[in-house]
Amino acid sequence: MVSTYIPKTLEEALIIRKETGARPLSGGTDLMVQYRRGIGVTPKFPWPIMIVSNLKELIGINETPDGSLCIGSATTSSEIAASPLVPWHVREASSRMGAISLRNLATIGGNIGNASPKGDLPATLILLDASVVLASVEGERTVLLDDFIYGAKKTLLQDDEIITKIIIPKPARPFTYRWYRKIGTRRANAITKLSLSAAITIDEKGVITDFRASSGAAGPKIARNKALEATLIGKNVEDIPSLLPSFLADYDKIISPHAMPEYRRTSTKRMLEYFLTEVSKRPSGEIIE
Amino acid sequence: METKIDFTLNGQQVSVTTDPLRRLLDVIREDFGLTGTKEGCGEGECGACSVLKDGKIITTCMVPIGAVGGSDIVTIDGLKETEQGKTIIEAFADGGAVQCGFCIPGMVMAAEDLLRSNPHPSEDEIRKGISGNICRCTGYDLIVESIALASERGDGLW
């Protein structure tokens, strides 16, 4: 039996993490399944574990003085989906994860720490330029989520650190149009086969001032490329149809699907094409269906 | 490394001293003999092991008992003693919702969870409410109709 710790405070958790290297387990929806051993048998982990799901310091959603949103790492998908403070993309992704019973357990910190390219929350958080706050007994550091997850199941987390908070900055201007699509085998309890999150901001003159897209499950990490996004910024939204062919050809180069590449490339580009074509028609609703 | 864990189980204050990584599902079934809660898939997909934890539905196959300290757990064996539980179970029986029966404890828990937040759900809301529960016999229609019947008969209970 591996050592298991149930710290009562974050301070205690950080000391345990430093001294034993115990890995945090929150909702258990990934780890308890990954290390299960069969009917009626207790999961067995290759490293010490500490259960952090009840640490009050890690739970909650609040706005910071500069207008950013701060979400505690042990906040569940249900809590995130129900909070009006949370940006639309993240609420959408939260409300479509698994089923109700899973969303009541699964946490945002776990979804990030697990670092699966199919993770639903990282795809939308990376779109919004979110950062993670990593704490250790030495102090805190903040890392851009897009840098933190650098490959499939690979993060910059150090052996003495715990993910404590997720910070989502407020965009300079509210997005004009937003899009989120998750493709799975069924409506409930489906692992994402492919996802695309996108947002665009258009000024009074029809000029694109912000455009972002992040692509989930289409490569070893969530794909986002700011240089490519920037090629549309400053252009008039009416010119999108003429810019699309070369934009989509370039987008194809930033995704690297490991399996079913043809399907993933085609579907990703079709979603992007649909979103951009729809917004060029300037529909009245903010959410592109 | 055994740890003592105190929690509330079906209204009773209880305590277990055990490996904190044991699944809540196994503690409920083995230590307390409450075998109404079933193990189906063991990976959070089927909903057969559902209980209410602090009033919210969860799948117990994914929860280590070490995360349960201080929580209020209600299983099917507790729910069946309540007016709400009896109303749902009778509606399931009268509505022909049950074939093999293995998924039914989880379905009843999901129905209770749904009716608590939405006492008069539409058909679509019922289908969403049980979307985390898999039944391989019925095709779901009679379960959905039986939850609507429970909602009607139990008007004012939730």
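Residues numbered from 1 in each chain as written. Chains lettered and ligands numbered in written order. Predicted model: local features only at pLDDT ≥ 70, side-chain atom pairs only at ≥ 80, totals over all residues. Heavy atoms only, no water.

> Quick one: what's the story with the overall build of chain B, residue by residue and with numbers?
Each helix and strand in chain B was counted, giving six helices and five strands. Listing each helix as α and each strand as β along chain B from the N terminus yields β-β-α-β-β-β-α-α-α-α-α. Here chain B has a C-alpha radius of gyration of 15 Å; the compact-globule value for 158 residues is 15 Å, and the two agree. In terms of principal-axis extent, the alpha carbons of chain B reach across some 50 × 30 × 25 Å. When each of the 158 residues of chain B is scored for burial, the buried share is 55%. Across chain B, every contact between residues at least 6 apart in sequence was considered, and the portion connecting residues at least 24 apart equals 56%. Of the roughly 6,400 Å² of accessible surface on chain B, a fraction of 47% belongs to carbon and sulfur atoms. Charge-centre separation for chain B: the mean point of 14 positive side chains lies 2 Å from the mean point of 25 negative side chains. (Helix = DSSP H or I, 4+ residues; strand = E, 2+ residues; numbered from the N terminus. Rg over C-alpha atoms; globule rule 2.2 N^0.38 Å. Buried < 20%, exposed > 50% of the residue type's maximum accessible area, 1.4 Å probe, protein only. Contact = heavy atoms within 4.5 Å. Areas by Shrake-Rupley, 256 points an atom, 1.4 Å probe, with all protein chains shown as cover. Lys, Arg positive; Asp, Glu negative; His and termini not counted. Charge placed at Lys NZ, Arg CZ, Asp CG, Glu CD.)

> Could you give me a rundown of the interface of chain A and chain B, with the residues and numbers involved?
Between chain A and chain B, the contact holds 34 residues from the first and 33 residues from the second. Each partner contributes to the roughly 2,700 Å² buried at the junction of chain A and chain B, and carbon and sulfur atoms together form 59% of this total. Put simply, chain A and chain B have one salt bridge between them. The partner of Arg-36 of chain A in a salt bridge is Glu-43 of chain B, with the nearest N and O atoms 3.3 Å apart. Summed over the shared surface of chain A and chain B, the number is seven residue pairs in polar contact (both at pLDDT 80 or more). (Buried area = accessible area lost by both parts, 1.4 Å probe. Salt bridge = Lys/Arg side-chain N within 4 Å of Asp/Glu carboxyl O. Polar contact = N/O pair within 3.5 Å; in protein donor to acceptor, adjacent residues only side chain to side chain.)

> Break down helix 10 (residues 240–254) of chain A for me, citing the residues and quoting the values.
Residue and element names in this part refer to chain A. Over its 15 residues, helix 10 runs 20 Å from end to end, which matches the ideal 21 Å to within 8%, given 1.5 Å per residue. Along helix 10, the sharpest kink reaches roughly 30°, centred on Ser-246. Taken together, the buried positions of helix 10 are occupied by Ile-240, Leu-244, Phe-247, Leu-248, Tyr-251 and Asp-252. Of the surrounding secondary structure, the elements contacted by the buried residues of helix 10 are strand 12 (194–202), strand 13 (208–216), helix 9 (226–230) and helix 11 (261–280). (Expected span 1.5 Å × (residues − 1). Bend = angle between axes of the 7 residues up to and from the residue.)

> Which residues make up the sheet that holds strand 6 (residues 131–136) of chain A, and what are the values?
All names here are of chain A. Strands sit in the order 4-5-10-6-7 across an open sheet of five strands; the sheet is antiparallel. The open sheet has two free edges, formed respectively by strand 4 (61–63) and strand 7 (139–144), since each of these has just one partner strand. With strand direction ignored, the average angle separating the axes of adjacent strands in the sheet is 25°. As judged from the three bridges shared by strand 4 and strand 5 (residues 69–72), these two strands associate in the antiparallel manner. Pairing of Ile-61 across the sheet is with Ile-71, part of strand 5. (Pairing = 2+ DSSP bridges. Axes fitted to C-alpha atoms, helices over the stretch in contact; angles between N-to-C directions.)

> Got a sec to walk through the pattern of salt bridges? Specific residues and values, please.
Residues and elements named next belong to chain A. This structure, assessed with the given rule, holds 29 salt bridges over all chains. Between Glu-138 and Lys-18 there is a salt bridge, with the nearest N and O atoms lying 3.0 Å from each other. Placement of Glu-138 in the loop between strand 6 and strand 7 and of Lys-18 in helix 1 (residues 10–20) is noted, with a sequence separation of 120 residues between them. A salt bridge links Lys-221 to Asp-146, with the shortest nitrogen-to-oxygen separation between them at 3.0 Å. Of this pair, Lys-221 sits in the loop between strand 13 and helix 9 while Asp-146 sits in helix 8 (residues 145–148), and the two are 75 residues apart along the sequence. Taken together, the shared-partner salt bridges in this structure form one network comprising Asp-129, Asp-210, Arg-212, Arg-224, Lys-226 and Glu-229.

> So what about the side chain of Thr-176 of chain A? Which residues, and what values?
Within the fold, Thr-176 of chain A resides in the loop between strand 10 (162–168) and strand 11 (177–183). With near-sequence residues (within four places) excluded, Thr-176 of chain A lies in contact with Ile-200, Thr-201, Ile-202, Arg-282 and Glu-286 of chain A.

> Mind laying out the packing of aromatic side chains, listing which residues take part and the relevant values?
All names here are of chain A. Enumeration over the complete set of coordinates arrives at eight aromatic pairs over all chains. Measuring from centroid to centroid gives 5.2 Å for Tyr-35 and Phe-45, while their planes differ by 45°, and the two rings are tilted. A residue pair is termed long-range when its members are at least 10 positions apart, and Tyr-35 in the loop between helix 2 (31–34) and strand 3 (49–51) and Phe-45 in the loop between helix 2 and strand 3 qualify at 10 residues. Owing to a relative accessible area of 21%, Tyr-35 belongs among the partly exposed residues under this scheme. Summarising the aromatic geometry, the rings of Phe-247 and Tyr-251 are spaced 6.1 Å apart at their centres and angled 40° between planes, so their arrangement reads as tilted. (Phe/Tyr/Trp six-rings, centres within 6.5 Å; stacked < 30°, edge-to-face > 60°.)

> A description of the domain arrangement of chain B should follow, citing residues and the corresponding values.
Residue and element names in this part refer to chain B. For chain B, the assigned domains are domain 1 (3–75) and domain 2 (80–153). Taken over C-alpha atoms, the centre of domain 1 sits 21 Å from the centre of domain 2. Each partner contributes residues to the interface: domain 1 has 16 residues there, and domain 2 has 11 residues. Of the roughly 1,000 Å² buried where domain 1 meets domain 2, counting both sides, 63% is carbon and sulfur surface. Inspection of the domain 1/domain 2 interface yields zero salt bridges. Inspection of the region where domain 1 meets domain 2 yields four residue pairs in polar contact (both at pLDDT 80 or more). Counting residues per element, the ones that place at least two in the side of domain 1 that touches domain 2 are strand 3 (50–53) and strand 4 (56–59). Here the element with the most residues in the side of domain 1 that touches domain 2 is strand 3; it accounts for three residues. Class assignment for the residues of the side of domain 1 that touches domain 2 results in six nonpolar, six polar and four charged. (Domains from an automatic or database assignment. Nonpolar A, V, L, I, M, F, W, Y, C, P; charged D, E, K, R; others polar.)

> So what's going on with the pairing of strand 2 (residues 12–18) of chain B? Residues and values would help.
In this sheet, strand 2 of chain B lies alongside strand 1 (residues 3–9) of chain B in antiparallel orientation, the contact comprising seven bridges. Note on strand 2 of chain B: the bridge partner recorded for Thr-8 of chain B is Gln-13 of chain B.

> Explain the domain arrangement of chain A to me, using residue names and the numbers behind them.
Residue and element names in this part refer to chain A. As far as domains go, chain A holds domain 1 (4–168) and domain 2 (177–280). Placing the centre of domain 1 and that of domain 2 at their C-alpha centroids yields a distance of 26 Å. Opposite the 24 residues of domain 1 that make contact, domain 2 presents 24 residues. Broken down residue by residue, the surface that domain 1 buries against domain 2 is led by Pro-117, Lys-118 and Leu-127, which jointly contribute 28%. In this structure, the connection of domain 1 to domain 2 is made through five salt bridges. Secondary-structure elements contributing two or more residues to the side of domain 1 that touches domain 2 are helix 4 (88–95), helix 7 (120–127) and strand 8 (149–151). By residue number, the principal contributor to the side of domain 1 that touches domain 2 is helix 7, which donates six residues. Along the lines of polarity and charge, the residues of the side of domain 1 that touches domain 2 split into 13 nonpolar, five polar and six charged.

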